[in-house]
Amino acid sequence: MKYIEIKKPELDYYGTEACKSLRTNFLFCGSDKKAIVFTSCTQNEGKTYVALNLAISLSEIGKKVILIDADLRKSALLGRVEATGTMKGLTHFLSKQASLVDIICQTNVPNFYVAFAGPVPPNPSELLSSVYFDHMLEALRESYDYILIDSPPLGSVVDSAIIASKCDGSIIVIEEGWNSYRFEQDIKNQLEKTNTPILGVILNKVDYSKASYYGKYGKYGKYGKYGRYYGTKEKVADNPDK
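Residues numbered from 1 in each chain as written. Predicted model: local features only at pLDDT ≥ 70, side-chain atom pairs only at ≥ 80, totals over all residues. Heavy atoms only, no water.

Q: Report on the overall build of the protein, specifying residues and quantitative values.
A: Broken down by element type, the protein carries nine helices and eleven strands. For the protein, the residues scored as buried account for 52% of the 242 residues in total. At a minimum sequence separation of 6, the contacts of the protein that also span at least 24 residues come to 83%. Carbon together with sulfur atoms contributes 49% to the accessible area of the protein, which is approximately 11,900 Å² in total. (Helix = DSSP H or I, 4+ residues; strand = E, 2+ residues; numbered from the N terminus. Buried < 20%, exposed > 50% of the residue type's maximum accessible area, 1.4 Å probe, protein only. Contact = heavy atoms within 4.5 Å. Areas by Shrake-Rupley, 256 points an atom, 1.4 Å probe, with all protein chains shown as cover.)

Here you go:
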């Protein structure tokens, strides 16, 4: 099993609290929700970032977690780790060029493991639809508490729906103010057709400088200084909607 270094994201107060809140809400979904797919409407809404943070947060409380990069068309996970040498990925396993053990990497974070996407294949949808993906999930369920799967934006390709149909739940990551309400509803409806429960929607890249939760206490109120200090940058916030 290959060892890799994960760059743990540096979060400020808002980001840390949002991640803890997301973890708590996620755990309340039940222990039977083990294989979870993350998707978004379009690219660059932060689903990989959110999935990575949640995986690390869960591992820090003793849960054994594996994050699978199933975005076989445009992976974003590899750029967030320190890895050297040649690595086997999901496409190698699904095309029978590697075993499951060959594609799993141990990280510097205890209890946290990663499987990368691998090279871009000519038939990503067909590979994800294969029985080998089912066998992989079946095997991982025996060894891990949670299987988090980073998938492509559902507004671009159908891959996420294929993966969702094999999972216990799905989570949509939406960037604040980026998509139209109608488009977001279309993505939600498409995901519902897989008959996989939507566990929640995470609102990402929220600008707290425009609407701070602590602002109601006033500039010099109980939380006023925190609202001004932490509201200067866009950070992750979650809004699970079960």
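Q: Let's hear about the nonpolar core: which residues, and what values?
A: I68, L90, L128, F133, M136, L140 and I149 are the most contacted members of the largest nonpolar core, which totals 37 residues. Ignoring any residue separated from it by four or fewer positions in sequence, one finds L140 in contact with I66, I68, L100, I104 and I147. Among the nonpolar cores identified, the runner-up in size contains 29 residues, and L22, V65, L67 and V114 belong to it. (Core = buried A, V, L, I, M, F, W, Y, C linked by side-chain atoms within 4.5 Å.)

Q: Give a detailed account of the pattern of salt bridges, specifying residues and quantitative values.
A: One pass over the structure, following the stated rule, counts eight salt bridges. In this structure, D71 engages K47 in a salt bridge whose closest nitrogen and oxygen atoms are separated by 3.8 Å. Taken together, the residues D71 in the loop between β3 (65-69) and β4 (81-82) and K47 in helix α2 (residues 47-59) connect sequence positions 24 residues apart. We note that D71, like K47, is buried. One salt bridge connects E192 with K188, and the closest N-O pair in it is separated by 2.7 Å. One end of the pair, E192, and the other, K188, are both in helix α8 (residues 181-192), four residues apart, so they sit about a helical turn from each other. One salt-bridge network, held together by shared partners, links K47, D71 and D150. (Salt bridge = Lys/Arg side-chain N within 4 Å of Asp/Glu carboxyl O.)

Q: Please give an account of the packing of helix α1 (residues 13-27) against α2 that cites residues and values.
A: α2 packs onto α1 with a crossing angle of 75° between their chain directions and a minimal axis gap of 10 Å. In this view, α1 runs roughly perpendicular relative to α2, as classed from their interaxial angle. The segment α1 lies against α2, with C19, L22, R23, F26 and L27 engaging V50, N53, L54, S57 and L58. Among the residues forming the contact of α1 with α2, the class breakdown is seven nonpolar, two polar and one charged. (Axes fitted to C-alpha atoms, helices over the stretch in contact; angles between N-to-C directions. Parallel < 35°, antiparallel > 145°, perpendicular 65-115°, else oblique. Nonpolar A, V, L, I, M, F, W, Y, C, P; charged D, E, K, R; others polar.)

Q: Can you lay out α8 for me, pointing to particular residues and giving the numbers?
A: The end-to-end C-alpha separation of α8 is 16 Å, in line with the 16 Å expected for twelve residues at 1.5 Å each. Within α8 the residues assigned to the buried category are E184, I187 and L191. Taken down its axis, α8 places every buried residue within 60° of arc, on the same side. In α8, the exposed positions angled more than 90 degrees off the buried face are occupied by Y181 and R182. In the core, the buried residues of α8 are packed alongside β2 (35-40), α7 (159-164), β8 (169-175) and β9 (198-204). (Expected span 1.5 Å × (residues − 1). Arc of directions from axis to C-beta.)

Q: Tell me about the pairing of strand β5 (residues 104-107), and name the residues and values.
A: Where strand β1 (residues 2-6) and β5 come together, three bridges link them in parallel fashion. In the sheet register, K2 faces β5, and the bridge partner there is C105. In this structure, β5 lies alongside strand β6 (residues 112-115), joined through three bridges in antiparallel fashion. Among the inter-strand pairings, C105 is bridged to a residue of β6, identified as V114. Turn length for the β5-β6 hairpin, with the two strands adjacent in sequence and antiparallel, is four residues, and the turn residue N111 shows positive phi of about 75°. (Pairing = 2+ DSSP bridges.)

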